[in-house]
Amino acid sequence: MRRIAIAALLTASVAAEAPAQPLQAQPIQIREIGSLHVGGRVAEVSGLPEQEITFSPGAPPLRINPNGQFQVEQMYAQYVRLADPRARYPLILAHGGGLTGVTYETTPDGRPGWQMAFLRAGHDVFVTDAVERGRSGWARFPQVFQGEPVFRTMGEGWGLFRVGPGDGWNIDPAQRRAFPDSRFPTGAWNQFMMQAVPRWVTTDRQIQAGYDALVQQICPCVLLVHSQGGNFGFRAALNAPDKIRAVIAVEPSGAPPEGQDAAALKDIPHLVVWGDYTADNPFWQRIRANIDRSQAQIRAVGGVADTLDMPAEGVRGNSHMIMMDTNSDDVAARINTWLDRRGLMR
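These figures come from a predicted structure and were not determined experimentally.

Colleague: Quick question: what am I supposed to make of helix H6 (residues 229-239) here?
Modeller: One turn of an α-helix holds 3.6 residues; hence residues three or four places apart share an orientation. Here H6 has its buried residues at Gly229, Gly230, Phe232, Gly233, Phe234, Ala236 and Ala237. Contact partners of the buried residues in H6: helix H5 (204-218), strand S7 (221-226), strand S8 (244-250), strand S9 (270-274) and helix H7 (282-300).

Colleague: What is the right way to read the pairing of strand S6 (residues 125-129) from this model?
Modeller: In terms of burial, S6 is a largely internal element, five of the five residues being buried. Covered by surrounding structure in S6 are Val125, Val127 and Asp129 together with Phe126 and Thr128, the residues of both alternating faces.

Colleague: Help me understand a nonpolar patch on the surface, please; the structure alone is not making it clear to me.
Modeller: A cluster of nonpolar residues, Trp138, Phe141 and Phe151, forms a patch on the protein surface that exposes about 330 Å² of accessible area. Relative to the elements of secondary structure, Trp138 occurs in the loop between S6 and helix H3 (156-160). Look at Trp138 and you get partly exposed, because its relative accessible area is 45%.

Colleague: Is there a simple way to explain the pairing of S8 in this structure?
Modeller: Every regular strand shows the same layout, with side chains that alternate between the two sheet faces. Along S8, six of the seven residues are buried, which leaves the element largely enclosed by surrounding structure. Of the strand pairs in this sheet, S7 and S8 are connected by six bridges, and their pairing is parallel. Counterpart to Val222 in the pairing with S8 is Ala246. Chirality of the crossover, the property in question, places the unit of S7, H6 and S8 among those that are right-handed.

Colleague: Before we go on, may I ask you to explain the packing of aromatic side chains in this structure?
Modeller: When we look at a pair of aromatic rings, we describe it by the centre distance and by the angle of the planes. All chains considered together, the criterion is met by 16 aromatic pairs. Joined through ring pairs, the aromatic side chains of Trp158, Phe161, Trp169, Phe184, Trp189 and Phe192 make up one cluster.

Colleague: I keep staring at the sheet that holds strand S10 (residues 305-309) and nothing clicks. Help me out?
Modeller: Within a sheet, neighbouring strands are paired by backbone hydrogen bonds and run either parallel or antiparallel to one another. Here eight strands make up an open sheet; going across it, the order is S1-S4-S6-S5-S7-S8-S9-S10 and the pairing mixed. Among the strands making up the open sheet, the edge pair consists of strand S1 (30-45) and S10. Recorded for the sheet is a direction-independent mean angle of 20° between the axes of neighbouring strands. Of the pairings in the sheet, the one linking strand S5 (residues 91-94) to S7 comprises four bridges and is parallel in character. Note that in S7 the partner of Leu91 across the bridge is Val222. Lying over the sheet, H5 contacts S1, strand S4 (68-82), S5, S6 and S8, oriented at roughly 135° with respect to S1. Each of S7, S8, S9 and S10 is contacted by helix H8 (residues 328-341), which is oriented at about 150° to S8, the strand it contacts most.

Colleague: It is not clear to me how the confidence of the model for the protein chain should be interpreted in this structure. Could you clarify?
Modeller: Detailed reading of the predicted coordinates is not advisable wherever pLDDT is low. Predicted confidence across the protein chain gives a mean pLDDT of 92, with 92% of residues reaching 70 or more. In the predicted structure, residues 1-20 sits below a pLDDT of 50 and forms 32 contacts with residues beyond four places in sequence or in another chain.

Cut-offs and rules
- Within each chain, residue numbers correspond to sequence positions counted from 1 in written order.
- Two thresholds apply to this predicted model, a pLDDT of at least 70 for residue-level local features and 80 or more for giving and counting side-chain atom pairs, whereas whole-chain, interface and lining totals are computed over all residues.
- With hydrogens and water excluded, all non-hydrogen atoms of the structure serve as input to the side-chain values.
- To sort residues, take the accessible area from a 1.4 Å probe on protein chains only and compare it with the maximum for the residue type: under 20% means buried, over 50% means exposed, and anything in between is partly exposed.
- Secondary structure elements follow DSSP: runs of H or I no shorter than four residues count as helices, runs of E no shorter than two count as strands, and numbering proceeds from the N terminus.
- By definition in these notes, contact holds between two residues if any of their heavy atoms fall within 4.5 Å.
- Residues enter patches when their relative accessible area tops 30% and they take part in no salt bridge; the joining distance is 9 Å for like charges and 5 Å for the nonpolar side chains Val, Leu, Ile, Met, Phe, Trp and Tyr.
- Residue exposure ignores everything except the shown protein chains as possible cover, and the areas themselves are Shrake-Rupley values with a 1.4 Å probe.
- Salt bridges, as used here, are contacts in which a Lys or Arg side-chain nitrogen is within 4 Å of a carboxyl oxygen on Asp or Glu.
- At least two DSSP bridges between two strands are required for those strands to pair.
- Throughout, right-handed denotes a crossover for which the path from the first strand over the helix to the second runs clockwise when the strands point away from the viewer.
- Put simply, two rings from Phe, Tyr or Trp (the six-membered ring, in Trp's case) pair if the centres are within 6.5 Å, and we call them stacked under 30 degrees between planes, edge-to-face over 60, tilted for the rest.
- Fitted lines through C-alpha atoms give the axes, limited to the stretch in contact for helices. The angle between two N-to-C directions lies from 0 to 180 degrees.
- The quantity called pLDDT is the predictor's confidence in a given residue, expressed from 0 to 100.

Listed below in structure tokens is the structure:
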């Protein structure tokens, strides 16, 4: 009942307060584009044999000693700052598992992504690559990272990300079966899979430390997190409640532990965004139950924990990759309306 009521409230608010122009149509003036690395440590590797390597055809071979000190576990973020931001605080965009900050850049079918949408809405935007992803860089394994990386197959996400039924995947695009109302640009699925990168399942502590370091360096700020990034956003708010002004969790795949200190989050409004078909998927049923429990704990201490449930608002077909769906601009506008209602826009 709570989810339906909030969804109805958000629908009414968006209808009343939606911008006159779509977010993508609003002009922007950029003050600065740059990047930074935060966190990390120096690790020492020893006991490995030397190697003889030829780095380029025609170049003489070099003997390389792989032992020594290495900078590891740092996190990368690219930022775009506006000349006259309308948002009160910068917006950090955190991606999910097996992905990088490309999640928020251009969509697989070539449309501007949420990085541009939120810039047009008036936010300074930081797009992150979590530790061991993208431009944050790997470290040796198992000497530094424990275990081996996990690689996502092309078909794994088809059902898990609720683009179509699990048995609807086929290497032949003509034989793939998507949900009839799917809003993911299914013709660009192969292009989407070019974004997939290896990930570890043993690096949560290091990834969390990276996000905590970024929060300490650039915040106060608003966190927008997706999928695996949900855990890191929720915990970043618990670790630095004085720095986080809001948490927007888009289809988070994990929640804080049941014994979380919800009182510490009382003054940090939370919004959870859901796409379609979660009720039909056992994995996502369990995830939603955990998130609902966490949201209820925040509300029980007088905090704000809202839900933007797209099917409850009459919008069907959104996938787990909602920022890439064909209605991604509309979802971004609804999120921005929520931020405005929470007093986070000028």
